[in-house]
Amino acid sequence: MKFPWGGKRARGNGDGGGRIVQGALQKVAHRPASISAFSSILAIVSGLLVGFVIMLIVNPGDAVPGFLTILFGWLSEGSRSVGDMLYFGVPIVLTGLSVAFAFRTGLFNIGATGQLTMGAFTAVYIGVNWGFLGAFHWIVAVLGGMIAGAVWGSIAGLLKAFRNVHEVVSSIMLNYIAMYMNTMLIVQLIYNRQYARARSPLPSAHIPTWFLRDIFPGSSVNIGIFIAIGLTILLHIILNRTVFGYELKSVGFNRDAAKYAGMNAKRNIVLSMTISGALAGIAGAIMFLVAGRHLEPVNQLMQEGFTGIAIALLGLSAPIGVFMAGIFYGALEQGGYYLQLYDFMPEIIDIIIAVIIYFSAFSLFIQTYVAGYLRRKLGAEVELQQGTEIK
Amino acid sequence: MEYVIEMENITKEFPGIKANDQVDLKLKKGEIHALLGENGAGKSTLMSVLFGLYTPDSGTIKVQGKQVFIRNPNDANNLGIGMVHQHFKLVHNFSVTENIILGHEDTTKGFLRYDNAVAKIKNLSEQYKLKVDPSAIIENISVGQQQRVEILKMLYRDADILIFDEPTASLTPQEIDELMKILRNLAEEGKSIILITHKLTEIQQVADRCTILRKGKYIDTVEVAGTSNEELAEKMVGRKVVFDIEKAPAKPGDTVLKVEDLCVRSQHSNTELVRDVSFEAKRGEILCVAGIEGNGQSELIYGLVGLAPLSKGRILLHGSDVTQSSTRNRSLAGISHIPEDRQRHGLVLDFSLEYNLILNSYFEKTYQRQGFLDFKAIRTHAEALIRQYDIRSSHGPLSLARSMSGGNQQKAILGREIDRGSELLIAVQPTRGLDVGAIEFIHKQIIAERDRGKAVLLVSLELDEVMGLSDRILVMYGGELVGEFDPETVTENELGLYMSGARKRGVA
Ligand SMILES: Nc1ncnc2c1ncn2[C@@H]1O[C@H](COP(=O)(O)OP(=O)(O)OP(=O)(O)O)[C@@H](O)[C@H]1O
Ligand SMILES: [Mg+2]
């Protein structure tokens, strides 16, 4: 077995900082799809197995039915639970897309959570106050969230492009600024003292459900799922079929060559972060423009933004992969919800997901093993990629 | 044991191509053994097998008569095998010293100790005349200096079997002479050397024997003494190769590029790397900027194409001022640019070949419709260039640029840039890393461009190329133009004096 990238490898571009993570993402993203997908699945399986072992230790008697619940919980109540799976999955799909998109331009958007927070607040603010918009209310609220996220993302992009501030550093700081601003603005502008949380958006601002509640009766699903599907397809097309996508990827792969080719690297960086932020902002809007969910003035970073990083990894930074990974995440969440039927804490799901995240981050290693194994078995195809690292 | 390395029946297949097909290579102790072959013949692959970067599909390797399995570069290091790669493997924000000791650090109680290392490096660089500034950061030094760091790295590890993959591709003639001496010294001290090079004269100068590959297959191993360049070239290409550059006299027309008092400042310090350079390039003429590496030629070109800001001066293209224009607008105004560093600027290694072939034109109407890439047009374009420029790779238009051999990467860039048919073709080291057949072809293309009435600005470190290809020569030294010459009347010696700064005179 050999680990070509164990050696020292001169890199043609980039600039210090979060290179390791970027490198990992990059490697995962540009392996042949089959091997990459295989290793993602391996990460998932490993995560599930570890979860199962933990369940066996905690409560051997219920481990098997409990585990099956995690796996198939999303089917347990038929269309209702399927609907909820989609409901849980949508925000994660969107934050995953956000991280993945920036990544394709060579940027590591660790600030999805801040962008999501800004989007959520703006959407809720509009949802609470702008009832006069009538039928357009929810649309404007979502767009407001999108714009707020985009602005937040663009700050990191501008800093990177014009001041060479690494986006990881600036977006981590922006995450905290967003978190505290959110608390402050809720209390100042849309506070519900009685419950110590933000006021509820008006029903006209709720994300509509159209016919979905007929198909998935009793579930919380809304048309956020259509938005997620639409954006997945849109990003797929942008990245793979358009001139803009060609530019973004050139800048992501080799900034010097992009400059040589006359591409405006600064513009592309700003645009990429803006779009990435917009996606996270939409996620924030969709999460909170529903009945029964409230923004709270708590100083906590919203986890969805970070989960998005894992989902981007698991989905190999490709929009369609990210969509599938995000929905899978929704299924696990849904399974975890039913886990309470047994003597398990739903937190077991968090553990499983955490393990999957670790494994997907380790998928680099897994891929190396898989690649080596396949090479010995098949002696082919893998080589092309192995060679890329060391040529 | 007579042989230190015996590679037998090595076969290595990549999807779509057999890079090595039953290849033999036997290295004697203390000899310099040249490895010759066309671009993509499988030389680098064979050496990567020896260095543990690839596992061969079949075949055996013996070191000092004992069969070994070299699984990774560490195994190779332990067997005393060192390698300088075709494309350097340096950490480019580390210093020279850090790069050299990387992986072989001296430590006391876990703390890095530089003193011994620094002393050893100093000794080595004096002993072998490999001048580098040990504290310089890699990305700030020239390609030529990076090469020296690579060589030092290997010497630092006390390797006995030294593999050089095209070590002279980026050296100046003087440096090459020095390297040749070094190689001979090393061999006399008992080190065994494998030298990959496309330059037959170098083989004649230093090599004892030469193994020739063609399209992945072993052709022959010959004693160099008693084999002529022509024979070597014929064995390698499979046909006769014309070495002399044939061209009609130039018919210079009107001025395409006019440069006035151009200055480019270093981005790291406050010195001017290009100082008050003025010249004109005319249609129908190949104008060459000659000089020793690191005398401002690279920066001059970066300034011309907009990759480095000018601190002073004007650039006129067809009389219109492009000094303030972006790289893109200069390119559209009629500049094609074959860059010096193919992997840094010339290619997106993770793109396919066909994507790379539109790197400078992807936005043009031909390749897009309303912002959507026109895949059919891209493919047609790629297939045409692949055919015309004989770009060899494993998957045709879909080959990842990264997987292509160095010479074929270069051919891809050449094809792309020449094909654009710009009024001004800037070619920096256009034939670096090409085999003799490909060089012949590229020279013909460049001359054809000239004869089509294009202006060609050639930057070359190779005196043969400078003398053979250009119609007018400008010599650059220390950031300034120090002389203008007619290649018909000037001697190589005279040029050398100007290039080394021993003489200078004004340039009209
Ligand atoms: N990792 C890889 N994956 C797929 N094909 C490869 C890989 N590495 C090399 N090849 C192919 O194998 C062939 C031999 O390549 P190699 O780099 O050994 O050539 P070379 O003789 O060193 O040529 P050059 O003189 O241009 O450097 C080429 O056709 C190349 O496209
Ligand atoms: Mg090679």
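Computed from a predicted structure; not experimentally measured.

The secondary structure content of chain B amounts to 17 helices and 24 strands. Here the C-alpha radius of gyration of chain B, 23 Å, is about what a compact globule of 508 residues would show, namely 23 Å. Taken along its principal axes, the extent of the C-alpha atoms in chain B is 70 × 50 × 50 Å. Per-residue burial for chain B yields a buried fraction of 58% across its 508 residues. Taking the contacts inside chain B whose residues are at least 6 apart along the sequence as the reference set, 68% of them involve residues at least 24 apart. A gap of 3 Å separates the mean positions of the 62 positive and 71 negative side-chain charges of chain B.

All names here are of chain A. The share of residues in chain A with pLDDT of 70 or more is 83%, and the mean pLDDT across the chain is 83. Segment residues 1-31 is flagged for pLDDT under 50; beyond a separation of four residues in sequence, or across chains, it makes 91 contacts in the model. The low-confidence segment residues 376-391 (pLDDT under 50) makes 47 contacts with residues lying over four places distant or belonging to another chain.

As enumerated under the stated definition, the model contains 16 aromatic pairs over all chains in all. Note on F52(A) and F67(A): the rings are 4.8 Å apart at their centroids and 50° apart in plane angle, and the pair reads as tilted. Note that F52(A) is positioned in helix 2 (residues 33-58) and F67(A) in helix 3 (residues 60-76), a separation of 15 residues in sequence. Among the aromatic residues, ring-to-ring pairing joins Y246(A), F253(A), F351(B), Y355(B), Y362(B) and F363(B) into one connected group. Just above the ring of Y195(A) sits the side chain of R197(A); from NZ or CZ to the centre is 4.5 Å. The side chain of K120(B) reaches across the aromatic face of Y156(B), ending 4.6 Å from its centre.

Another point: the environment of K240(B). Residue and element names in this part refer to chain B. Looking at the secondary structure, you find K240 in the loop between helix 8 (229-237) and strand 13 (255-265). Under the relative-accessibility criterion, K240 is labelled exposed at 63%. For K240 and Q267, which are 27 residues apart along the polypeptide, the C-alpha to C-alpha distance reads 47 Å. Side chain to side chain, K240 and E234 meet in a polar contact 2.9 Å long.

For a regular strand, the rule is simple: side chains alternate between the two faces of the sheet. All names here are of chain B. Along strand 9 (residues 161-165), 5 of the 5 residues are buried, which leaves the element largely enclosed by surrounding structure. Here strand 9 shows two buried faces, one formed by I161, I163 and D165 and the other by L162 and F164. As paired elements, strand 6 (residues 81-84) and strand 9 share 4 bridges and run parallel to each other. Across the sheet, the residue bridging to I81 is I161, located in strand 9. Sheet topology places strand 9 next to strand 10 (residues 192-196); 5 bridges connect them, and they run parallel. Its bridge partner being in strand 10, L162 is matched across the sheet by I193.

To continue, consider the environment of S40(A). Residue and element names in this part refer to chain A. Here S40 shows up in helix 2. Owing to a relative accessible area of 8%, S40 belongs among the buried residues under this scheme. Each C-alpha atom of the pair S40 and V50 lies 15 Å from the other, and the pair is 10 residues apart in sequence. Look past the residues within four positions of S40 in its chain and what remains in contact with it is L313, L314 and L316.

Residues and elements named next belong to chain B. A sheet is described by the order of its strands in space; here 4 strands give the open sequence 14-13-16-17, paired in antiparallel fashion. Whereas interior strands pair on both sides, the edge strands pair on one side only; in this sheet they are strand 14 (272-282) and strand 17 (320-321). Examined bridge by bridge, strand 13 and strand 16 (residues 310-317) share 6 bridges and lie antiparallel to one another. Bridging from a neighbouring strand, L257 pairs with L317 of strand 16.

Time to look at the layout of surface pockets. All names here are of chain B. If you add up the space inside the second largest pocket, you get close to 1100 Å³. Residue lining of the second largest pocket: 41 residues in total, with K199, T201, E462, D464 and E465 positioned closest to the centre. Those elements that place two or more of their residues in the lining of the second largest pocket are helix 6 (173-188), helix 7 (200-206), helix 15 (436-451), helix 16 (463-469) and helix 17 (492-499). Counting residues per element, the lining of the second largest pocket draws most heavily on helix 15, at 6 residues. For the lining of the second largest pocket, the per-class residue count stands at 15 nonpolar, 13 polar and 13 charged.

Residue and element names in this part refer to chain B. Tallying each qualifying case throughout the model produces 42 salt bridges over all chains. Taking the shortest distance from any N to any O, the salt bridge between K28 and E2 comes out at 4.0 Å. One end of the pair, K28, is in strand 2 (residues 17-28); the other, E2, is in the segment before strand 1 (3-14), with 26 residues separating them in the sequence. Since its relative accessible area comes to 49%, E2 is described here as partly exposed.

A few words on the confidence of the model for chain B. In this model, chain B carries a mean pLDDT of 90, and residues with pLDDT of at least 70 account for 99%. Quick note on the complex model: pTM equals 0.84, ipTM equals 0.84.

Turning to a nonpolar patch on the surface, a few remarks are in order. All names here are of chain A. The grouping of W210, F211, I215, F226, I229 and I233 at the surface amounts to a nonpolar patch, some 580 Å² of accessible area in total. A total of 3 residues in the nonpolar patch trace back to one element, the largest contributor, which is helix 9 (residues 224-241). With respect to the secondary-structure elements, F226 resides in helix 9. On the accessibility criterion, F226 (32% relative accessible area) is partly exposed.

This part covers the side chain of Q410(B). All names here are of chain B. Tracing the backbone shows Q410 in helix 14 (residues 406-419). A relative accessible area of 2% places Q410 in the buried class. Side-chain polar atoms of Q410 contact the backbone oxygen of P430, separated by 2.9 Å. Not counting residues up to four positions away in its chain, the partners in contact with Q410 are I338, R342, Q429, P430, R432 and L434.

Right, let's get into helix 4 (residues 79-104) of chain A. Residues and elements named next belong to chain A. Here helix 4 is 26 residues long and its end C-alpha atoms lie 36 Å apart, about the 38 Å a rise of 1.5 Å per residue gives. The principal kink in helix 4, of about 30°, is found at G89, preceding the proline P91 by one to four residues. For helix 4, the tally of buried residues reaches 23 of 26 residues, placing the bulk of the element in the interior. Phi turns positive, to about 85°, at G106, one or two residues after helix 4.

Below, the discussion takes up the domain arrangement of chain A. Residue and element names in this part refer to chain A. Here chain A is described as being made up of domain 1 (38-59 + 344-391) and domain 2 (81-343). Computed from C-alpha coordinates alone, the two centres of domain 1 and domain 2 are separated by 26 Å. Every contact between the two is made by 17 residues of domain 1 and, on the other side, 13 residues of domain 2. For the pair domain 1 and domain 2, the two sides together bury roughly 1300 Å², of which 76% comes from carbon and sulfur. If you sort the residues of domain 1 by the area they bury against domain 2, F344, I349 and I353 come out on top, with a joint share of 36%. Summed over the shared surface of domain 1 and domain 2, the number is 0 salt bridges. Put simply, domain 1 and domain 2 have 0 residue pairs in polar contact (both at pLDDT 80 or more) between them. Among the secondary structure elements, those contributing two or more residues to the side of domain 1 that touches domain 2 are helix 2 and helix 15 (347-361).

A few words now on unusual backbone geometry. Here the phi dihedral of S317(A) falls at roughly 60°; this positive angle occurs in a residue that is not glycine. Take S317(A): it is sitting in the loop between helix 13 (303-314) and helix 14 (319-338). With a phi close to 45°, D276(B) is a non-glycine residue in the positive phi region. Judged by its relative accessible area of 42%, D276(B) is partly exposed.

Take the site of ligand 1 next. Inspection of the region around ligand 1 gives 25 residues, with G40(B), S44(B), T45(B), S405(B) and G407(B) positioned closest. In this structure, ligand 1 is bordered by residues of chains A and B. Between an oxygen atom of ligand 1 and a main-chain N or O atom of A41(B), the distance comes to 3.2 Å. S44(B) places a polar side-chain atom, nitrogen or oxygen, 2.7 Å from an oxygen atom of ligand 1. Looking at the shell around ligand 1, the element that brings in the most residues is helix 1 (residues 43-50) of chain B, giving 3 residues. Each residue belonging to the shell around ligand 1 can be placed in one class, and the counts come to 7 nonpolar, 14 polar and 4 charged.

Cut-offs used in this document
Residues numbered from 1 in each chain as written. Chains lettered and ligands numbered in written order. Predicted model: local features only at pLDDT ≥ 70, side-chain atom pairs only at ≥ 80, totals over all residues. Heavy atoms only, no water. Helix = DSSP H or I, 4+ residues; strand = E, 2+ residues; numbered from the N terminus. Rg over C-alpha atoms; globule rule 2.2 N^0.38 Å. Buried < 20%, exposed > 50% of the residue type's maximum accessible area, 1.4 Å probe, protein only. Contact = heavy atoms within 4.5 Å. Lys, Arg positive; Asp, Glu negative; His and termini not counted. Charge placed at Lys NZ, Arg CZ, Asp CG, Glu CD. pLDDT = per-residue confidence, 0-100. Phe/Tyr/Trp six-rings, centres within 6.5 Å; stacked < 30°, edge-to-face > 60°. Lys NZ or Arg CZ within 6 Å of the ring centre and 35° of its normal. Polar contact = N/O pair within 3.5 Å; in protein donor to acceptor, adjacent residues only side chain to side chain. Pairing = 2+ DSSP bridges. 1 Å grid on protein atoms, 1.4 Å probe; cavity = no way out; pocket = protein on both sides within 12 Å on 5 of 7 lines; lining within 4 Å. Points joined across faces, edges and corners; volume = space filled by probe spheres on them. Nonpolar A, V, L, I, M, F, W, Y, C, P; charged D, E, K, R; others polar. Salt bridge = Lys/Arg side-chain N within 4 Å of Asp/Glu carboxyl O. Patch = residues over 30% accessible without salt bridge, like charges linked within 9 Å, V, L, I, M, F, W, Y side chains within 5 Å. Areas by Shrake-Rupley, 256 points an atom, 1.4 Å probe, with all protein chains shown as cover. Expected span 1.5 Å × (residues − 1). Bend = angle between axes of the 7 residues up to and from the residue. Domains from an automatic or database assignment. Buried area = accessible area lost by both parts, 1.4 Å probe. Near = heavy atom within 4 Å.

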